[in-house]
There are 2 protein chains.
Amino acid sequence: MDYIEEIKKLKDQLSFAEEIEIPDQVENIVIAGMGGSGIAGRIFKEIYDKKPVLTVDSYDIPEFVNHKTLFVAISYSGNTEETLETVKKARKKGAIIRAITSGGILSQEVKNSIIIPSGLQPRSSIGYLLVPLLRGANIPENEFKEAANNLETMDNNSFYLKDVAKGISTGKKTPVVYGTPPFREVAYRWKTQFNENSKILSYSSYFPELNHNDTMALENDYRKDDFYFIVLESKYMDNKIRERIRITSELCKIKFNIVSGEGESKVSQLFTLIHKGDYISYYLAKERNIDPRDVSIIEKLKKELAKSDINK
Amino acid sequence: MDYIEEIKKLKDQLSFAEEIEIPDQVENIVIAGMGGSGIAGRIFKEIYDKKPVLTVDSYDIPEFVNHKTLFVAISYSGNTEETLETVKKARKKGAIIRAITSGGILSQEVKNSIIIPSGLQPRSSIGYLLVPLLRGANIPENEFKEAANNLETMDNNSFYLKDVAKGISTGKKTPVVYGTPPFREVAYRWKTQFNENSKILSYSSYFPELNHNDTMALENDYRKDDFYFIVLESKYMDNKIRERIRITSELCKIKFNIVSGEGESKVSQLFTLIHKGDYISYYLAKERNIDPRDVSIIEKLKKELAKSDINK
């Protein structure tokens, strides 16, 4: 299966029916996960705000975690070292523990784990990882359907997104991805897709925060022509943010390449913005004659780490 | 006053005696602030974990905010548009509101604001902005004293940090700053100091999260020689993180320029790591013949935004 077939599976993931229920008595939610799995928690944290949501992306968990904490561990493989350690710690503190995984140790450690299909790259399973959280937040079914329809349209005509990939690879540019609320973290998703699929450095930030720091560099940087600036817009963006984008571009004389979400609902805007980054990072890998699927260096690193633990 | 004199004031800020008390009945803490003011909340969130802490860096606040929320607004000028709007919204929801500011509208809006000295750049007042939060978390006085002593030592001999600045400016490199828990957000502080003081692009990430994405790019990026990689270490860093740094550097054949915190206590490690970034970004501005204090483009942007609001 070519990697593009894996990318095209996203639309089907939106009908995944499992749900992480948020019990009333829960006072806060902690979501643990790394990289392509952790991104689900980051995105959810920005969308769901009825209770405090914190994300964890290391070995430790916050001291406040207790029996009133819903602790959700997300690891596609089920064997992520950092995430497994957080589960042990959350259990000691009596948290209500749920998990989303395709198997591995995590599926054995956490009863009633939500089991998702295996055989994908974690980053290609963003639908499976995120949908159970969104369903727990009671997002209406028609939003998922609209999103799936719009993803299908994109899958049938994604070639125009090659131009963005060419814009980056010509001149070997470094993509900078600027997000906008309420989908700031989609910019981080794009950054990680450029890293893993295209094997190039990339960084993300977001409006309005970047107007307090990056803006100074956008005007004056000695190498700004080596960067390619992308702004992710959505119809849920505040007009004040729209003004900020326009004024920043004018004042700093920077060309922003605007990419917009599609559709009416939040879920559709969210997933179409994610999916455009999937395609662009894929096409960029192809431009570079690089295998978008390969993440062997991450696997080597895990092996070296395991060896080093034995030697300690 | 040369800007370096402003940088050297940090040590004196550590004896600032004001405190944001955290009442027992508070269930969660929300800290609002942008850029050089917002960084205080980001850093605090990583150090204090007895209750959930969330940071806000836009116009909106989470729905869960209520009378059991301690809402801390931080704005050096007291006139930050985003932060002032969050205060209005937090008030409507009945939150317990505190503020840290040098004056402006915020000092009028929030009774019993902690008033800090005016006349500095917000980013030079990180001590004033952060110390009241740390004191509220009951960090012992001797930690602040140790930190102040170690900052003074650095102020008397910071010249060796010029070498790092030269390493960046020679070859016009883009600094990438990698943080490590429990001071991940200090890497973000460095990024913003490179933006505002040195007027160059920069980005930050942190271990172990970056091992799940950046690592792929570190091996394969087409322009990685144009970047200068800095890793911020501390004595509070887990040994597993130390191993990750070593193995990542070896596998990806990347030279990490290691910068370490000084002293025994967490407060000393934290502020000395911050301060090294202050100096390096200052020296880099000097290398580039750029005024580190100037942030006129950010001011212009604020003016344009104000005009545009009128026209709406």
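Once that is clear, we can look at the relation of the copies chain A and chain B. Turning chain A through 180° and shifting it by 0.0 Å along the axis lays it on chain B, with an RMSD of 0.0 Å. Expressed as an axis order, the relation between the two copies is that of a two-fold axis. Taking C-alpha positions as the reference, the residue of chain A nearest the rotation axis is Tyr203(A), at 3.2 Å. Of the residues that chain A buries at the interface, 100% are likewise interface residues in chain B, meaning the two copies contact each other through the same surface.

What follows concerns the interface of chain A and chain B. Listed by partner, the interface residues are 82 residues for chain A and 82 residues for chain B. Between chain A and chain B, the buried area comes to about 7400 Å², and carbon and sulfur atoms account for 61% of it. The largest per-residue losses of area from chain A upon contact with chain B belong to Leu201(A), Met216(A) and Tyr222(A), which jointly make up 12% of the total buried on that side. In this structure, the connection of chain A to chain B is made through ten salt bridges. Between Glu82(B) and Arg244(A) there is a salt bridge, with its nearest N and O atoms 3.1 Å apart. Our enumeration of links across chain A and chain B arrives at 43 residue pairs in polar contact (both at pLDDT 80 or more). Take the side of chain A that touches chain B: its biggest share by element is ten residues, from helix H11 (residues 239-252) of chain A. Of the residues in the side of chain A that touches chain B, the class split is 31 nonpolar, 18 polar and 33 charged.

For the rest of this paragraph, the subject is the pattern of salt bridges. Taken as a whole and assessed by the stated rule, the structure comprises 50 salt bridges over all chains. Residue Lys240(A) pairs with Glu85(B) through a salt bridge whose shortest N-O separation is 2.6 Å. On the criterion of chain membership, the pair formed by Lys240(A) in helix H11 and Glu85(B) in helix H4 (residues 81-92) is interchain, its members lying in two chains. Relative accessible area serves as the criterion here: at 19%, Lys240(A) is assigned to the buried category. One network of salt bridges, with partners in common, ties together Arg42(A), Asp57(A), Glu185(A), Glu46(B) and Arg184(B).

We now examine the packing of helix H6 (residues 126-136) of chain A against helix H12 (residues 266-287) of chain A. Packed helices, taken two at a time, are described by the angle their axes make and the gap between the axes. Residues and elements named next belong to chain A. Contact pair H6 / H12: the axes reach a minimum separation of 13 Å and the direction vectors enclose 160°. Here H6 is positioned roughly antiparallel relative to H12, judged by the angle of their axes. The way H6 lies across H12 gives a crossing that is right-handed. On H12, the residues that touch Ile126, Gly127, Leu130, Val131 and Leu134 of H6 are Leu270, Phe271 and Ile274. The residue makeup of the contact of H6 with H12, split by class, is seven nonpolar, one polar and no charged.

Moving on: the sheet that holds strand S6 (residues 174-179) of chain A. In sheet architecture, strand pairing relies on hydrogen bonds along the backbone and comes in two forms, parallel and antiparallel. Residues and elements named next belong to chain A. Strand order in the open sheet made by the four strands is S7-S6-S8-S9, with parallel pairing throughout. In the strand order of this sheet, the two ends are held by strand S7 (203-206) and strand S9 (257-260), each with one partner. Each neighbouring strand pair of the sheet contributes to a mean axis angle of 25°, computed without reference to strand direction. In this structure, S6 lies alongside S7, joined through four bridges in parallel fashion. Among the inter-strand pairings, Tyr178 is bridged to a residue of S7, identified as Ser205. Against the sheet, helix H9 (residues 184-198) touches S6, S7, strand S8 (227-233) and S9, its axis set at about 160° to S6.

Moving on to the environment of Arg135(B). Residues and elements named next belong to chain B. Position of Arg135 among the secondary structure elements: in helix H6 (residues 126-136). Judged by relative accessible area, Arg135 falls into the buried class, the value being 11%. Considered as a pair, Arg135 and Tyr279 are 144 residues apart in the sequence and their alpha carbons are 26 Å apart. Leaving out residues up to four positions away in the same chain, Arg135 has contacts with Leu14, Ser15, Phe16, Ala17, Glu18, Glu19, Glu141 and Phe144.

Structurally, the position occupied by Arg288(A) is in the loop between H12 and helix H13 (296-311). Dropping the residues within four chain positions of it, Arg288(A) is found in contact with Ser198(A), Lys199(A), Ile200(A), Asn220(B), Asp221(B) and Tyr222(B).

For the rest of this paragraph, the subject is the packing of aromatic side chains. In this structure the tally under the stated criterion is 24 aromatic pairs over all chains. With a centroid separation of 5.2 Å and 15° between ring planes, the pair formed by Tyr203(A) and Tyr203(B) is classed as stacked. Within this pair, whereas Tyr203(A) is found in strand S7, its partner Tyr203(B) is found in strand S7 (residues 203-206), the two belonging to separate chains. The pair Tyr203(A) / Tyr203(B) is uniform in exposure class, with both members buried. For the pair Tyr178(B) and Phe207(B), a centre-to-centre distance of 5.9 Å together with 80° between the ring planes defines the contact as edge-to-face. Highlighted residues: Tyr178(B) in strand S6 (residues 174-179) and Phe207(B) in the loop between S7 and helix H10 (214-220), separated in sequence by 29 residues. In terms of burial, Tyr178(B) and Phe207(B) fall into one category: buried.

What follows is about the pairing of strand S3 (residues 69-75) of chain A. Residues and elements named next belong to chain A. Across the seven residues that make up S3, a large majority, seven, are buried. Burial along S3 is two-sided: Thr69, Phe71, Ala73 and Ser75 and Leu70, Val72 and Ile74, pointing in opposite directions, are all buried. Relative to S3, strand S1 (residues 28-32) runs parallel, the two sharing five bridges. Across the sheet, the residue bridging to Ile29 is Leu70, located in S3. Bridge count between S3 and strand S4 (residues 96-101): six bridges; the pairing is parallel. Within the sheet, the bridge partner assigned to Ile74 lies in S4 and is Ile100. Handedness of the crossover is the feature at issue here: the chain leaves S3, passes through helix H4 (residues 81-92), returns alongside S4, and the resulting connection is right-handed.

The rules behind these values
- Residues numbered from 1 in each chain as written.
- Chains lettered and ligands numbered in written order.
- Predicted model: local features only at pLDDT ≥ 70, side-chain atom pairs only at ≥ 80, totals over all residues.
- Heavy atoms only, no water.
- Least-squares fit on C-alpha atoms with pLDDT ≥ 70 in both.
- Contact = heavy atoms within 4.5 Å.
- Buried area = accessible area lost by both parts, 1.4 Å probe.
- Salt bridge = Lys/Arg side-chain N within 4 Å of Asp/Glu carboxyl O.
- Polar contact = N/O pair within 3.5 Å; in protein donor to acceptor, adjacent residues only side chain to side chain.
- Helix = DSSP H or I, 4+ residues; strand = E, 2+ residues; numbered from the N terminus.
- Nonpolar A, V, L, I, M, F, W, Y, C, P; charged D, E, K, R; others polar.
- Buried < 20%, exposed > 50% of the residue type's maximum accessible area, 1.4 Å probe, protein only.
- Axes fitted to C-alpha atoms, helices over the stretch in contact; angles between N-to-C directions.
- Parallel < 35°, antiparallel > 145°, perpendicular 65-115°, else oblique.
- Left-handed = near helix turned anticlockwise from the far one by under 90°.
- Pairing = 2+ DSSP bridges.
- Phe/Tyr/Trp six-rings, centres within 6.5 Å; stacked < 30°, edge-to-face > 60°.
- Right-handed = clockwise from strand over helix to strand, strands pointing away.

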